[in-house]
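One-letter residues, chain by chain:
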Amino acid sequence: MGYGNAVITGACGGLGQALARRLLAQGARVALLGLDRGRLEALRALAPERSELYTLDVSDAPAMQAAAQDWMTRHGVPDLVLANAGVAGGFDTEQRGDLAVMRRMLEINVLGVATTFHPYLTAMRGAGRGSLVGVASLAGWRGLPGNGAYCASKAGVIAYLQSLRAELRGSGLRVATVCPGYLRTPLTAGNRFRMPGLMEPDEAARQLLVRAARGAELIVLPRRMGWLARALGLLPAAVHDRILLNQPRKPRIGEAGSTAIPGLDAPTRQNNRQH
C-alpha cells in the first residue's frame, strides 16, 4: 500500500525534501509546506500538476487552516498528513535569551504538529482512512545535557501522538510516531559530537514511508539506535548523566555552527545571563 494524496510540513529540510521527492516519484499528489519558497518551487517543478506549495509557519493556525482548505478543494482529502517541520538548538537555562528560544521551539515542534493535523481531521474521519505521522526524535526519550528545549519539545510530541493515537482507535485513522536518531541534515550539520548511526535522509524517507504504510505505530530510524537508547535508559540516572555530561554540546542559537529558528528575533539570541 502506498499513498496517493499527501501533505508534508518542513518540506524544505533534508528529510522533508526526501519524503516529497519519493512521494512525487510514486505518483502521489503532494502539498508542500515550508518557509523557503525557492526550495518548494524546485520540488513542485518535479510534478506541477500534482503539487501545490504553501509558504507559511506551522505554528500559525489560521494560515495552516487556509492552506488545508485550499489543498482539499483542489486535490481532495489526504491519506497521509506528515508533520515533519521542526527546529533544534542547544539550550542553557542560565541564559536569559534562551528562554525565548525554548518558547519558540515548543511553538514549532509541539504546537506545529497539532496545527498540522487539526484542519484535516474531520475530513479524514469522514473518509474513515488515512495516516497521521508526526516526526519526534530519540532525544524525546530522555533529557540530554545542553539540549533541554529540544528534548522537552520532542518528548511533548511523543506524548501528544500517544494521546491522539488512543483517541482515534477504531476510526480507521492511523497515528505513527517517528523517532529518528541522527540524520545527515542541516539540523545536525553543526553538531560537535560523534553521531552513531548517522543516516542519509533518502534512506530514512524510504523506511519511514514503507513502515508507515504497513501500519507501524513507532518508527525508529535507524532501528539499532532505538536499541541503544533503550540500553542507555536502563542505566541509573547518575551513571547516565556522568557519561553524557562531558560530551560536546549542540551549539546554542546564535553560536557558530547553529541553525536559525524562524520567527526568533536576533536580539533574543544574545547571550544574556540572568543573575
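In the block above lies the structure referred to throughout.
Attention here is on the structure that accompanies the text. None of these values were measured; they are calculated from a predicted model.

Cut-offs applied
- Residues numbered from 1 in each chain as written.
- Predicted model: local features only at pLDDT ≥ 70, side-chain atom pairs only at ≥ 80, totals over all residues.
- Heavy atoms only, no water.
- Core = buried A, V, L, I, M, F, W, Y, C linked by side-chain atoms within 4.5 Å.
- Buried < 20%, exposed > 50% of the residue type's maximum accessible area, 1.4 Å probe, protein only.
- Helix = DSSP H or I, 4+ residues; strand = E, 2+ residues; numbered from the N terminus.
- Contact = heavy atoms within 4.5 Å.
- Polar contact = N/O pair within 3.5 Å; in protein donor to acceptor, adjacent residues only side chain to side chain.
- Axes fitted to C-alpha atoms, helices over the stretch in contact; angles between N-to-C directions.
- Parallel < 35°, antiparallel > 145°, perpendicular 65-115°, else oblique.
- Left-handed = near helix turned anticlockwise from the far one by under 90°.
- Nonpolar A, V, L, I, M, F, W, Y, C, P; charged D, E, K, R; others polar.
- Expected span 1.5 Å × (residues − 1).
- Pairing = 2+ DSSP bridges.

**A word on the nonpolar core**
Piece 1. One finds Phe117, Tyr120, Leu132 and Ile261 to be the most contacted residues of the largest nonpolar core, which totals 44 residues.
Piece 2. Elements supplying a minimum of two residues to this core: strand 2 (29-34), helix 3 (61-75), strand 4 (80-83), helix 4 (97-127), helix 5 (148-167) and strand 6 (173-180).
Piece 3. Ranked by the residues each element gives to this core, the list is headed by helix 4, at eight residues.
Piece 4. Contacts of Leu132, omitting those with residues within four sequence positions, involve Val81, Phe117, Leu121, Met124, Leu164, Leu168, Leu173, Arg174, Val175 and Ala176.
Piece 5. One finds Cys12, Leu24, Leu32 and Val133 within the second-largest nonpolar core, a separate group that totals 34 residues.

**Things to note about the side chain of Ser51**
Piece 1. Positionally, Ser51 belongs in strand 3 (residues 51-55).
Piece 2. A distance of 2.8 Å separates a polar atom in the side chain of Ser51 from the backbone oxygen of Ala47.
Piece 3. Ignoring sequence-local partners within four residues, the contact set of Ser51 consists of Leu24, Val30, Leu32, Arg44 and Trp71.

**Examining the packing of helix 3 against helix 4**
Piece 1. Axis separation between helix 3 and helix 4 bottoms out at 8 Å; the angle between their running directions is 40°. In terms of orientation, helix 3 and helix 4 fall into the oblique class. The two elements helix 3 and helix 4 cross, and the hand of that crossing is right-handed. Within the contact between the two elements, helix 3 uses Ala61, Met64, Gln65, Ala68, Trp71 and Met72 and helix 4 uses Thr115, Thr116, His118, Pro119, Tyr120 and Ala123.
Piece 2. Class assignment for the residues of the contact of helix 3 with helix 4 results in eight nonpolar, four polar and no charged.

**Points about the environment of Thr55**
Piece 1. One can find Thr55 in strand 3.
Piece 2. What Thr55 contacts, discounting residues up to four positions off in sequence, is Gly34, Leu35, Arg37 and Leu40.
Piece 3. Looking at Thr55, its side chain comes within polar contact range of the side chain of Arg37, at 3.3 Å.

**Some words on helix 1 (residues 14-25)**
Piece 1. Look at helix 1: 17 Å from first C-alpha to last across 12 residues, which is about the 16 Å you get at 1.5 Å a residue.
Piece 2. Those residues of helix 1 that sit buried are Leu15, Gly16, Gln17, Ala18, Leu19, Ala20, Leu23 and Leu24.
Piece 3. A positive backbone phi angle near 95° is found at Gly27, which sits one or two residues after helix 1.

**Things to note about the sheet that holds strand 6**
Adjacent strands of a sheet form backbone hydrogen bonds with each other and so pair up, either parallel or antiparallel.
Piece 1. A sheet is described by the order of its strands in space; here seven strands give the open sequence 3-2-1-4-5-6-7, paired in parallel fashion. Each end of this open sheet is capped by a strand with a single partner; those strands are strand 3 and strand 7 (218-221). Going across the sheet, the axis of each strand differs from the next one's by a mean of 15°, ignoring polarity.
Piece 2. By the bridge criterion, four bridges tie strand 6 to strand 7 in an arrangement that is parallel. Residue pairing across strands places Val178 opposite Ile219, the latter belonging to strand 7.
Piece 3. Strand contacts of helix 2 (residues 37-44): strand 2 and strand 3, with the helix running at about 175° to strand 3, the strand carrying the most contacts.
Piece 4. Against the sheet, helix 5 makes contact with strand 5 (130-135) and strand 6, and its axis sits at roughly 160° relative to strand 6, the strand it touches most.

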